[in-house]
Amino acid sequence: MQRVKFAHVFIAVFLGTAIVGAALLVNAKRPDVDTRQPSANHVKATGKCAECHRRETSAVVHQYETSRHAAKGINCLDCHKALDGQNKLEHKGFVIATHLTSKNCAKCHKTEYDQFARSRHAAPAWAAVAGSKDFTAEQIAHAEKYHKGAVLRKANALSLLEGPAAIRSGCASCHDVGRPNSDGSIGSCTDCHSRHSSSIALARQPETCGQCHMGPDHSQLEIYSESKHGVLYNAQKSQFNMHVDSQKLSTADMSVPTCSTCHMSGLEGNKMTHDTTERLSWFLFAAKSDKRPIFDRAQVEMKETCLKCHTKAPIDKFYDEAEAVVAATNIKVNEAAQIIQKLRDENLLTPKPFDEPIEFLYFDYWHYYGRTAKHGAFMGGADFVQWHGNYELLKMLTDMKHMAAELRAAKHRSNVKGQSDAEGQSND
Amino acid sequence: MTDPQAEKSPLKVWLVEWFALGNLAFLALDIYMAHSINQFTHWAEWTPVVFSLGVPIVLLPGVLARRHRTGTARFAGMSVGIASVLLGIVGMVLHLESTFFSEQTLKALIYAAPFAGPLSYTGVGLLLILNRLEPDDSPHWGTWIIFLALCGFVGNLSLSLCDHAQNGFFHPTEWISVAASAFAVSFLLIAVIRPQEIWFLKWCVAMMLLQVIVGLLGFALHLIADFTGPAANLTTNLIYGAPIFAPLLFPNLAILAAIGIWELQSSRMIETAVV
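To start, this report covers the structure provided alongside it. All figures in this text were calculated on a predicted structure; none of them were measured in a lab. (Residues numbered from 1 in each chain as written. Chains lettered and ligands numbered in written order. Predicted model: local features only at pLDDT ≥ 70, side-chain atom pairs only at ≥ 80, totals over all residues.)

### Points about the overall build of chain A
- Summing up its helical and strand segments, chain A has 22 helices and 2 strands in all.
- Computed over the C-alpha atoms, the radius of gyration of chain A is 30 Å, more than 25% above the 22 Å expected from 2.2 N^0.38 for a compact globule of 428 residues.
- Dimensions of chain A, computed from the C-alpha atoms along their principal axes, are close to 150 × 60 × 35 Å.
- When burial is assessed residue by residue, chain A has 33% of its 428 residues classed as buried.
- If you take every contact in chain A between residues at least 6 apart in sequence, the share linking residues at least 24 apart comes to 58%. (Helix = DSSP H or I, 4+ residues; strand = E, 2+ residues; numbered from the N terminus. Rg over C-alpha atoms; globule rule 2.2 N^0.38 Å. Buried ≥ 20, exposed ≤ 12 C-beta atoms within 10 Å, placed from the backbone. Contact = placed C-beta atoms within 7 Å.)

In structure tokens, the structure reads:
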């Protein structure tokens with residue numbers, strides 16, 4: 001009787017084992033980032049997401065591939081996974097959030113989020129447009145602790161007059177950096193870091209801040225471009241290493257400052273912060289600028305950054321000169337405010353905001369030119385202190401005085417006419 | 001029309017006809033689910049579904065009459081066979097095009113559409129052609145059937161490797177199907193090379209029984225994975241989660257191989273009896 005030959009069984013077993021062994025070896029050669037993930041879905045996301053999105057929205061895949069997140073092995077699901085309080089979307093086998101918020105970033109970047117959440121970029125930015133109605137009591141209390149009166153306030157009177165379309169496409173585009181989210185968090189980190197690039201370099205570019213900090217009401221980008229800092233940056237930026245880790249940033253990487261260098265960076269051992277208000281000593285945005293409650297600490301911290309390039313004496317001189325502009329502007333704005341107040345006291349203006357030309361004139365006075373003069377002084381923009389600031393302040397104050405006189409004259413003419421009409425009627 | 005005068009097909013050949021018909025029909029459902037992942041983005045993704053729904057009707061009269069070698073049944077079977085072969089090859093190229101043609105990496109291969117999937121049409125098409133070109137009394141018919149089952153298991157090996165690699169073999173049980181299909185390949189390869197070894201064919205039967213068990217186990221594990229999947233409803237998990245029908249390819253191919261082994265054993269026993 002024929003028996004099975006050992007050779008055949010041996011070859012079959014050997015071949016089968018060799019195939020399994022080869023599969024194990026190939027699998028072991030896969031990058032750890034592809035396989036060592038917290039769940040099977042995370043493993044799948046390392047390749048499956050890009051498989052479709054390379055065809056549908058290819059730019060986001062390429063942006064992600066060049067990002068620091070990709071280099072560190074963070075995959076799509078790490079960021080897009082829906083968290084508590086976020087609307088969920090079932091998307092081709094994955095459950096993702098319909099809208100990512102700062103809460104998703106805060107999973108890994110909690111310190112940065114906490115710093116951001118106490119900054120004026122957070123709740124005060126949105127409240128400046130919409131008032132306090134969108135915030136929880138807890139969020140209001142947290143923001144008011146750092147910025148009194150900045151959140152517990154009414155919606156912006158001007159934006160209400162301009163209407164929802166203007167708010168949506170105009171005001172909100174910048175101010176939503178501090179919009180409250182359904183998940184309890186505030187704002188969005190991608191406004192500065194972009195979405196799939198999640199770039200430090202982008203946040204360091206002055207143009208990124210300049211997306212909002214530009215124009216007549218806060219012309220920081222224009223002032224920076226005119227300043228020595230801006231001119232040097234534009235001339236030398238190709239030599240900079242803008243991607244360097246924020247904890248390791250040195251003047252060797254960026255020998256010229258951008259907005260983030262002075263306001264946020266941990267330059268050469270300085271404390272890095274995402275609270276953009278932490279190094280600000282004056283309320284420059286206000287009509288009348290006062291010292292901030294953290295004046296001393298803020299000025300010390302800002303000057304620590306200045307000291308990386310300048311000696312103490314010129315820094316102090318620079319501050320003294322800038323503070324002199326603030327003081328002078330305060331006097332000018334106060335004079336203009338008194339003109340308006342007197343007109344109100346004399347019932348020459350209605351209580352309703354923005355319904356008379358002189359109200360717009362006064363608003364432009366402090367909101368455009370007063371701010372510009374002060375920002376110009378603190379950012380080294382001489383032309384903005386003078387021609388876009390003080391010259392306009394002088395010209396407009398003269399205009400306001402003339403307008404006030406005209407209003408009084410018109411009222412006087414109206415009173416005289418009323419009297420003569422009344423006398424005429426009594427004579428009849 | 002089938003020729004009523006023609007001789008009826010032998011049982012094993014007839015079973016393979018049923019096998020081909022059943023597989024072509026079932027592929028309609030399987031591919032409908034697979035292409036639902038892509039939401040049938042490209043019109044060409046409907047082609048295999050329509051094909052699989054249409055061709056069983058063409059094949060059915062010949063299969064029911066158990067006469068497939070003559071007349072219209074032969075022509076229909078050959079046409080369907082050739083079309084299936086071409087459909088499978090074109091499908092494989094189109095599947096690879098999704099990513100692999102632009103980036104030839106292991107990762108691109110793993111996450112591309114399953115390139116071996118469409119070759120199931122090629123395999124079934126070749127079965128139909130084999131049944132019409134190889135005579136009923138051919139000593140090679142059984143070997144060819146085992147060879148095609150072997151090719152199926154090679155495809156199955158690559159599918160289970162790539163599919164489970166997408167999960168990074170997160171669950172160790174995902175290696176079972178890879179190991180099972182690897183041994184199916186090695187045993188059937190020896191069977192094809194040495195078809196006269198009846199005793200080894202018995203070992204192959206045992207190996208095929210193991211494939212049936214692995215397939216059913218895989219079906220159960222995939223079903224559990226889909227019931228506990230991330231989506232709120234089962235349908236979504238069935239479409240995007242573990243492919244529910246994929247493990248059934250193991251018993252499916254095991255049956256085909258078993259028919260081939262049966263044929264080889266019976267012809268060998270006849271030869272032995274004659275000698």
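### Looking at the overall build of chain B
- When you go through chain B residue by residue, the secondary structure sums to 10 helices and 0 strands.
- Counted from the first residue to the last, chain B has its helices and strands arranged as α-α-α-α-α-α-α-α-α-α.
- Taken along the three principal axes of its C-alpha coordinates, chain B extends 60 × 40 × 35 Å.
- Sorting the 275 residues of chain B into buried and exposed places 47% on the buried side.
- Partitioning the contacts of chain B with sequence separation of at least 6, the portion at a separation of at least 24 is 72%.

### Topic: the interface of chain A and chain B
- If you look at the interface, chain A gives 31 residues, while chain B gives 36 residues.
- Taken together, the elements giving at least two residues each to the side of chain A that touches chain B come down to α1 (6-28), α2 (32-35), α3 (40-56) and β2 (94-97) of chain A.

### Things to note about helix α10 (residues 137-146) of chain A
Residues and elements named next belong to chain A.
- Burial in α10 covers these residues: Gln-139, Ala-143 and Tyr-146. Buried residues of α10 fall within an arc of 60° about the axis and therefore sit on the same side. Residues of α10 that are exposed and point over 90 degrees away from its buried face: Ala-137, Glu-138, Ala-141 and Lys-145.
- In this fold, the buried residues of α10 make contact with α9 (123-130). (Arc of directions from axis to C-beta.)

### Brief notes about the nonpolar core
- Grouped together as the largest cluster of nonpolar side chains are 71 residues, with contacts concentrated most on Ile146(B), Ala149(B), Phe187(B), Leu188(B), Cys204(B) and Ala257(B).
- Excluding anything up to four places from it in sequence, Ala257(B) contacts Ile146(B), Ala149(B), Leu188(B) and Met208(B).
- Judged by nonpolar contacts, the second largest core, of 26 residues, contains Cys209(A), Tyr362(A), Ala373(A) and Phe384(A). (Core = buried A, V, L, I, M, F, W, Y, C linked by C-beta atoms within 7 Å.)

### Overview of the packing of helix α20 (residues 312-345) of chain A against helix α22 (residues 382-427) of chain A
All names here are of chain A.
- At a minimum axis distance of 10 Å, the contact between α20 and α22 shows a crossing angle of 20°. Between α20 and α22, the angle falls in the class roughly parallel. The element α20 and its partner α22 pack so that their crossing is left-handed. Between α20 and α22, the contacting residues are Val-325, Lys-332, Glu-335, Ala-336, Ile-339 and Leu-343 on the first element and Val-385, Leu-393, Leu-397, Met-400, Lys-401, Ala-404 and Leu-407 on the second. (Axes fitted to C-alpha atoms, helices over the stretch in contact; angles between N-to-C directions. Parallel < 35°, antiparallel > 145°, perpendicular 65-115°, else oblique. Left-handed = near helix turned anticlockwise from the far one by under 90°.)

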